[in-house]
Structures are given as C-alpha cells and as structure tokens.
Amino acid sequence: MPKTVTITGAAGQIGYQLAFRIASGQLLGAGEKINLNLLEITPALDALKGVAMELEDCAFEALSEISISDDPSIAFMDSDYAFLVGAKPRGPGMERSDLLQENAKIFSAQGKAINENASRDIKVLVVGNPANTNALIAMSNAPDIDKSAFTAMMRLDHNRALAQLASHLKCHSSELSNMTIWGNHSTTQYPDVSNLKLNGKNIASSLDITWVKDDFIPRVQNRGAEIIKARGLSSAASAASAAIDHMRDWTVDTKTDDWVSMAIPSDGSYGVSEGIIYSFPVTCENGSYSIIQNLEIDEFSMASMKLTEKELLEERAAIEELL
Ligand code: NAX
C-alpha cells in the first residue's frame, strides 16, 4: 500500500522543492511507493496544477498518484505524513498578533481536517510560521490524534548551527554532534553548544566563549534574515531539505550517539511549561521520539531557555481562545 504524503502550500517556494524531493524517494526510499496530496488556496490552484504536471513528467518510480485540492478534508484523507508549509505571510502594517490570529484560523481548520480524515498514525511537521504556535493550534484541534504526532521544524536552525560551527572549527559538519536548538523557531531560539562533540570528543570547554555569544548565537538566530538579504527571497531549498531530514529521522532511527532538535509538545522536561511546542534535543526510535534527559544546564543556558519559553507562552496567550 502506498503511503500518503500531504504537502500544504505546495505551489510555494518550499513546497516546490519538497514535492520533487519526496516524490523522488528522498523521504522513504525510492522503493517505497507514495501518493502525494497537494493543498493550496483556491487562487493558487492553476499554479499547483502546473506543479502536478511537472511531477508527472519526472516519471518518478516512487510516485503512484497525485491529488491537488483546495479542500483540507481531501488533502488530509488517509494522510500518513503531513508537511504543513502553507501559511499567511506577514503583510505591510500587520502586527505580530494579527499574524498569529490569521494563521490560527488556517491551522485550526487543518487540525480539524486531520482529526477527521488522516491516518491515526499520522506524523505532522509544521513549517509555516509562526511554526511552533501553528503546531499547537493544529494539535489542539485534533483531539483524536495522539499529541505526540504534532511537531514543528527546528531542523533548519539545527543544520545552520552545525554549518557555522564546522566553518569556525574547520571541520565537516558530519564530524560534529550533540548540539541543541532550544525553544521557538524565531530569533529567541537558543543554539546551545554546551555538549558539542567533535569526532565523539567533548570540545565545549575549548570553544571561544566570546565567539559563541557574540557571533555564533546571533548568526544562527538571524540566519533567515541574512539569506533574505542575499537572495531577495527567504530560505526555500534549505528549508525543504531540513523538513525531509526531520521527517526521515523521525521515521527511521537517529544515530544513537547523537541527537537532533525537534519542536514537540513539552512534557515539562527541563522545567519548560507543559503543552507548548518547544524545541528539545531528541532521539528517534521505531517512529517515536524521546527527549534527552539529565543534561547539565548552566545559568546562561537556563536564562536563554526561559527567554524563548516566555515568547512561546506569549504566543499561546494571544490565540488562547482557539485552543
Ligand atoms: P510561499 O509564500 O512561497 O508559499 C506559501 C504557499 O502557501 C503559497 O503558495 C500560498 O498560496 C500557500 N498557502 C497560504 N495559505 C494556505 C492555506 N490556508 N492552505 C494551503 N496553502 C496555503 O512561502 P515559502 O517560502 O514556501 O514559506 C512557507 C512558510 O514556511 C512560511 O510561513 C515561512 O515563514 C515558513 N518558513 C519556516 C521555516 C522553519 O524553519 N520553520 C524556515 C523557512 C520558511 O521561512
């Protein structure tokens, strides 16, 4: 039986990358057949039709069927993997609270459609911003689906941090491990190198702390803006790549001697308020993730983790009535 993969906002920048990479087998392997359900808003349906035509023209071995729709109940029908990418961007003069409200409407409708139509074992990754709070809204509107099915993307931040560290340490990012992004996918996120290893050896104490605090952390926090400045458009290929990394690691196991950063419903670990979608270091096994426990948290880290938690609590308060 083919697995069903849903992509929302599939005619957008990230969706256009994601659909082709998934259809070519980069999520589940080329031998695993998939159906692609693509969702867009009505005015983008013509563009979406073009995306579907191009997907057909690739004659991908793994791709069985493509469905395009502007109806979430069709797009989430029997969905096993859902990438929630489509979101309302911040328009001119729009306050952050307006942005939260506008997106809350989209993600509550999609949460309901997931609840009514998707596979009970669905895995949901929210990419559309504000991703963590959008995931919280979708989760709250899908009471029949296990809460652990709802996650938000921090993997781009995680990968960006590894790339910056590799460049600074003059090594390859694959030689680095045990780095964490805590909190919200926003400029308050906390990239934490307290446990960083190079080829399995802890190197945190030998890092230049001034570089970490004054260069590395702000650079990772603001990398999205740096890309926009250079490209004139926001990150798209790197975001799609990170989305596949996130979902594939969640489905297949992660390396046992490392961890990844995923925004997941907080269970209160490390004193983080329960329920908010907060990024933790996790390992994945048999399709489930678990938070790495008992890491030592110093004063600087705790203050940074609290700051990003505060922002998520404020976001939750702004859309409380939709939960
Ligand atoms: P685009 O504007 O290129 O594409 C978004 C697409 O979503 C559009 O085609 C739009 O028609 C569609 N859409 C809007 N509302 C929809 C709805 N209710 N149902 C279905 N489709 C809908 O944006 P793109 O560059 O692809 O970015 C998509 C989202 O990812 C944005 O919210 C962006 O901020 C967010 N990002 C999140 C990242 C993360 O790490 N979590 C990083 C990359 C990216 O900035």
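Residues numbered from 1 in each chain as written. Predicted model: local features only at pLDDT ≥ 70, side-chain atom pairs only at ≥ 80, totals over all residues. Heavy atoms only, no water.

Draft legend 1. View of the overall build of the chain. Secondary structure summary: the chain contains 10 helices and 14 strands in total. Taking 20 Å as the expected radius of gyration for a compact globule of 323 residues, we find that the chain reaches 19 Å, a close match to that expectation. Counting across all 323 residues of the chain, residues that qualify as buried make up 51%. Restricting to contacts in the chain with at least 6 residues of sequence separation, those with at least 24 account for 71%. In the form shown here, the chain has an accessible surface area of approximately 14,400 Å², with 50% of it arising from carbon and sulfur atoms. (Helix = DSSP H or I, 4+ residues; strand = E, 2+ residues; numbered from the N terminus. Rg over C-alpha atoms; globule rule 2.2 N^0.38 Å. Buried < 20%, exposed > 50% of the residue type's maximum accessible area, 1.4 Å probe, protein only. Contact = heavy atoms within 4.5 Å. Areas by Shrake-Rupley, 256 points an atom, 1.4 Å probe, with all protein chains shown as cover.)

Draft legend 2. Broad picture of helix 1 (residues 13-23). Turning to helix 1, its buried residues are Ile14, Gly15, Leu18, Ala19, Phe20, Ile22 and Ala23. Positive phi appears at Gly25, one or two residues downstream of helix 1, with a value of about 100°.

Draft legend 3. Here's a closer look at the site of the ligand. The full set close to the ligand counts 22 residues, and Gln13, Ile14, Glu40, Val127 and Asn129 are the nearest of them. Gln13 places a polar main-chain atom, nitrogen or oxygen, 2.9 Å from an oxygen atom of the ligand. Separating an oxygen atom of the ligand from a side-chain N or O atom of Glu40 is a distance of 2.6 Å. When isolated, the ligand has an accessible area of 870 Å², and the protein chains bury 80% of it. For the shell around the ligand, the secondary-structure elements that each account for two or more residues are helix 1 and helix 4 (96-117). In terms of residue class, the shell around the ligand is made up of 11 nonpolar, 10 polar and one charged. Taken together, domain 1 (3-152) and domain 2 (155-318) each give at least three residues to the shell around the ligand, which thus spans both. (Near = heavy atom within 4 Å. Polar contact = N/O pair within 3.5 Å; in protein donor to acceptor, adjacent residues only side chain to side chain. Nonpolar A, V, L, I, M, F, W, Y, C, P; charged D, E, K, R; others polar. Domains from an automatic or database assignment.)

Draft legend 4. Summary view of the packing of aromatic side chains. Following the criterion strictly, the structure yields seven aromatic pairs and no others. Aromatic side chains Tyr16 and Phe20 sit 5.3 Å apart centroid to centroid with 70° between the ring planes, which places their arrangement in the edge-to-face category. Of this pair, Tyr16 and Phe20 both sit in helix 1, four residues apart, which is roughly one turn of that helix. The exposure class of Tyr16 is partly exposed, given its relative accessible area of 37%. The class of Phe20 is buried, set by a relative accessible area of 15%. (Phe/Tyr/Trp six-rings, centres within 6.5 Å; stacked < 30°, edge-to-face > 60°.)

Draft legend 5. View of the domain arrangement of the chain. One can read the domain layout of the chain as domain 1 (3-152) and domain 2 (155-318). The C-alpha centroid of domain 2 is placed 23 Å from the C-alpha centroid of domain 1. Surface buried jointly by domain 1 and domain 2 totals about 2,600 Å² across both partners, of which 64% is contributed by carbon and sulfur atoms. Put simply, domain 1 and domain 2 have zero salt bridges between them. Here domain 1 is connected to domain 2 by 12 residue pairs in polar contact (both at pLDDT 80 or more). Sorting the residues of the side of domain 1 that touches domain 2 by element identifies helix 1, strand 4 (81-84), helix 4, strand 5 (123-126), helix 5 (131-140) and strand 6 (150-152) as the ones contributing at least two each. Ranked by residue count, the leading element in the side of domain 1 that touches domain 2 is helix 1, at six residues. Taken together, the residues of the side of domain 1 that touches domain 2 break down into 19 nonpolar, nine polar and four charged. (Buried area = accessible area lost by both parts, 1.4 Å probe. Salt bridge = Lys/Arg side-chain N within 4 Å of Asp/Glu carboxyl O.)

Draft legend 6. Highlighting the side chain of Asn35. Mapped onto the elements, Asn35 comes out in strand 2 (residues 34-39). Every residue in contact with Asn35, bar those within four places of it in the chain, is listed here: Pro2, Lys3, Thr4, Val5, Ser64 and Glu65.

Draft legend 7. Layout of the pattern of salt bridges. By the definition in use, this model includes nine salt bridges. Its salt-bridge partner being Arg223, residue Glu226 comes within 3.3 Å of it at the nearest N-O pair. Linking Glu226 with Arg223, this pair stays in helix 8 (residues 223-231), spanning three residues, or about one helical turn. The partly exposed category is assigned to Arg223, whose relative accessible area is 24%. The salt bridge involving Lys306 is made with Glu309; its shortest N-O contact spans 3.2 Å. Taken as a pair, Lys306 and Glu309 lie in helix 10 (residues 299-318) at a separation of three residues, close to a single helical turn.

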